[in-house]
Amino acid sequence: MILEKKRSDLVTMILFSMVVLSMPIWLNPLGANYPDLLQKFAIFGIFAIGYNILFGLTGYLSFGHAIFLGVGSYTAVWSFKLLSMNVIPAVISSVILAGIVAAFVGFVSLRRSGIYFSILTLAFAQMFYNLAYSVLTPITNGETGLQLALEDPRVIDRLFSTAGEGLPSTELFGLSMSGYSGFYFCAVMLIVAFYVSLKIFNSPFGLKLKAIKSNQHRMKYTGYNTRPYLLTAFIISGMFAGLAGALMAVTDPLAGAERMQWTASGEVVLMTILGGVGTLYGPLLGVVIIKYLENIFSAVNEAVLQTFFDFLPSWLQDTMVVIVSPFVGEGWHLTLGLMFMGIVIFLPGGITEGFQKMKKRFFTKENSESSNQEGK
Amino acid sequence: MSDNTKDQNTISRRNMLKTSAALAAAPMFFTKGAYAKDFTNNPGNSSTVTLGFNVPQTGAYADEGADELRAFKLAVKHLNGKGDGGLMNTMKPMNLKGNGILGKKVVYVTGDTQTKSDAARASAKRMIEKDGVIMFSGGSSSGVAIAVQSLAQEAGVIFMAGLTHSNDTTGKDKRRYGFRHFFNAKMTGSALGPVLKEEMGISRNAYHLTSDYTWGWTQEESIKETTEALGWNTTATVRTPVGAGDFSQFITPILNSGADTLILNHYGKDMINSLTQSVQFGLRDKLVNGKQFEIIVPLYSRLMAQGAGENLQGILGTTNWDWQLRDEGSKAFVKSFGTEYGFPPSMAAHTCYVQTLLYANACENAGTFYPPEVIRQLEGFKFDGMGNGETEYRAEDHQCFKDVLVVRGKQNPSSQFDLLDIVKEVPRSEVEYDASIFGGNLGPYKV
């Protein structure tokens, strides 16, 4: 039984790795196979996977996860500025620092549950965002954002070589971290993150988290102190967010405070719900959809639409352009909103639930255990 | 169950072989397409060349962004030899032929910066990596301009900054691949100083409200430097977040601060909101220490004047260009923009249009799209007939030097566009400064 489980984990991991690493190929027809967007898919994938460990398993809805994303980014950029352009120290220090901040925020926020917890995290998010803009500007450089400069010390790099003429770029032992190599680095990180998440989902620890979600009181009566588990889950998901933030800085060494804005926290909630809360793959689906809309849909302008509807007679072409154009370009939020409404109303379990329903309809003989985890 | 697993296993093995083979090929294929050429996004033998226009379509600077986009589209039209040619009729010296750039038809892609550095860089990266742009332009926030300018340097694609007014853009954050036609806060200060002295005297207490980012900081610094040189006091400098919407909490303290002059280092919708609220709070009707309370908006444009309405009447500021200028270039541009869209262009539109033409002309002069050659053509380039009189792209910091306009909100506007009176055209020589005062380093030609 255990062996079988292990084997199916292995299969999952192999399949997942293949899907992730072959993204440049299968995203080609969708016009999404350029490095920046691929990197975003992987980075926000990590963010959403980590968020799902908290929200999906324990049901605690945090509106403050962008804090850890921001902390991760700032730490990574400072590591590039002070230590080295190598990404290893940046990633490690970001994850650790994000974990420490998460421990603090979690310690305070987790004293309450439900809506009060959400409000507390939201308050923290707003607080950190405003700190980044006001008192902490020497560290964050405010609205302008933290950037690399030629005169940065970079002490470790200076031990081995002298500074070049232009700004250095981030690297992994000589391998540049922009373009496709940057994507593959993020993809490997995503696979590792997914593996950790898979292990947590299947572990006794994960089971306890699920128990907290289904009925925390009952769990307390059986003699469990739930708070350490919650705090651990919170810190782990904060560290995932820190890793995502670090990777954002790795692929593009710049950190801005808008990364910590509550809208960024809201975005990851959207991604998770859109894809399917509490499922392993759901959040990733949400990430791909939202980032795709944001980057590709938002760039569609009227000229593009004209060519798209070229096959129609000209009067119909013009009408179609008029009808469709509010939903693309700067109106991509509208499309996203409609889609989100549709999913929340008809598929409360997210797109993953849609797949399950389809599976049920076409393979009815398979008695699925109706694994509708999110309940209510 | 176990059968099932086995089945899946074999499939995955086969799949893995297939995919890994494809994967091994993929990176080489893609890098070849994008990077292995002599320079980034070389149009090569293609019959078209792509430009990227990255402007704020949402957020506090969306009005400016929309007007910039109109100007870019017009510039592309003129470069491709359609329309009336606009400034191509008046620009001197000029090598443009109206057949695109170097014989290649100009096409363009657009993007939304959302007035955020992150989003702007993502959008610019999409243009560079996916759409293959050879040059990109746009602006309206200096924070964004600086962020994408350093991206331009990393990627080796030229960035022709649109509206950006911070000293840092061509100061401490200047880049070899970034160029700015627009003027900056330092020049605003130099131009405004004498007028302020004349109109408001030499003993005033100034209170600054400042947008909390690079542009606000440098403008506050430059204006403070100017006014303190006149003998003014600076009562306080308060930083406000960009896109705050409600400024009342910042305005109330001014009433009791003893200040008699408010300097609004705001732009776009921020300035419209803060100015409107200042007027509503009765600041302009106040007498402080026997002096009439005055408001100064160091940088403003006709678009903002339209938004602020009568609140802006009588208020002093500077602009880069105004559609009411009577030189040949300005007339030609206003005419062709007006024919296209039915209303006069803003200064944001003007600078973006001019930047596009300047880039195209530099490519023609260089005879190639190879960025280091194009950059050398732009550096030190002197031109005329583009609406600002004789203008020079200074080689040391890629800043354009030209006359600066001091303007005042018109008391009795005759139309919704006729909103500014030109108080003074400050000649270029009075706003020039030493390129080395801000530090910074342009970086290499070849990346």
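On a predicted model such as this, the values are computed, not experimentally measured, just so you know. (Residues numbered from 1 in each chain as written. Chains lettered and ligands numbered in written order. Predicted model: local features only at pLDDT ≥ 70, side-chain atom pairs only at ≥ 80, totals over all residues. Heavy atoms only, no water.)

A. Quick look at the interface of chain A and chain B. Across the contact, 43 residues belong to chain A and 42 residues belong to chain B. Of the roughly 3800 Å² buried between chain A and chain B, counting both surfaces, carbon and sulfur atoms make up 58%. Sorting the residues of chain A by area buried against chain B places E143, T144 and E258 of chain A first, and these three jointly supply 15% of that buried surface. Counting every contact that joins chain A to chain B gives three salt bridges. Across the pair K125 of chain B and D36 of chain A runs a salt bridge whose closest N-O atoms are separated by 3.7 Å. (Contact = heavy atoms within 4.5 Å. Buried area = accessible area lost by both parts, 1.4 Å probe. Salt bridge = Lys/Arg side-chain N within 4 Å of Asp/Glu carboxyl O.)

B. Looking closely at the sheet that holds strand β2 (residues 105–112) of chain B. All names here are of chain B. One open sheet holds the five strands; their spatial order is β2-β1-β3-β4-β5, and the pairing between them is parallel. Among the strands making up the open sheet, the edge pair consists of β2 and β5 (178–180). Between one strand axis and the next, the sheet turns through 25° on average, direction left out of account. By the bridge criterion, three bridges tie strand β4 (residues 158–161) to β5 in an arrangement that is parallel. The residue of β5 that forms the bridge with A161 is R180. With respect to the sheet, helix α3 (residues 117–131) is in contact with β1 (48–55), β2 and β3 (135–138), its orientation differing from that of β2 by roughly 150°. (Pairing = 2+ DSSP bridges. Helix = DSSP H or I, 4+ residues; strand = E, 2+ residues; numbered from the N terminus. Axes fitted to C-alpha atoms, helices over the stretch in contact; angles between N-to-C directions.)

C. Structural context of unusual backbone geometry. With an omega of -10°, the peptide bond running from K92 of chain B to P93 of chain B counts as cis. Within the fold, P93 of chain B resides in the loop between α2 (62–79) and β2. Here F173 of chain A, not a glycine, exhibits a phi torsion of approximately 50°, which is positive. Within the secondary structure, F173 of chain A sits in the loop between β2 (171–172) and β3 (175–176). The exposed category is assigned to F173 of chain A, whose relative accessible area is 69%. Unlike most non-glycine residues, H398 of chain B shows phi in positive territory, near 60°. (Buried < 20%, exposed > 50% of the residue type's maximum accessible area, 1.4 Å probe, protein only.)

D. Structural context of the side chain of D173 of chain B. Residues and elements named next belong to chain B. Assignment of secondary structure puts D173 in the loop between β4 and β5. Accessibility expressed as a relative area gives 15% for D173, which makes it buried. Side-chain polar atoms of D173 contact the side chain of K172, separated by 3.3 Å. Not counting the four nearest positions on each side in its chain, D173 is found in contact with I146, Q149 and D168. (Polar contact = N/O pair within 3.5 Å; in protein donor to acceptor, adjacent residues only side chain to side chain.)

E. Quick look at the pattern of salt bridges. With the rule as written, the count across this model stands at 33 salt bridges over all chains. Between K130 of chain B and D131 of chain B there is a salt bridge, with its nearest N and O atoms 3.8 Å apart. The residue K172 of chain B makes a salt bridge to D168 of chain B at a minimum N-O spacing of 3.8 Å. Via salt bridges that share partners, D36 and K40 of chain A together with K125 of chain B belong to a single interconnected network.

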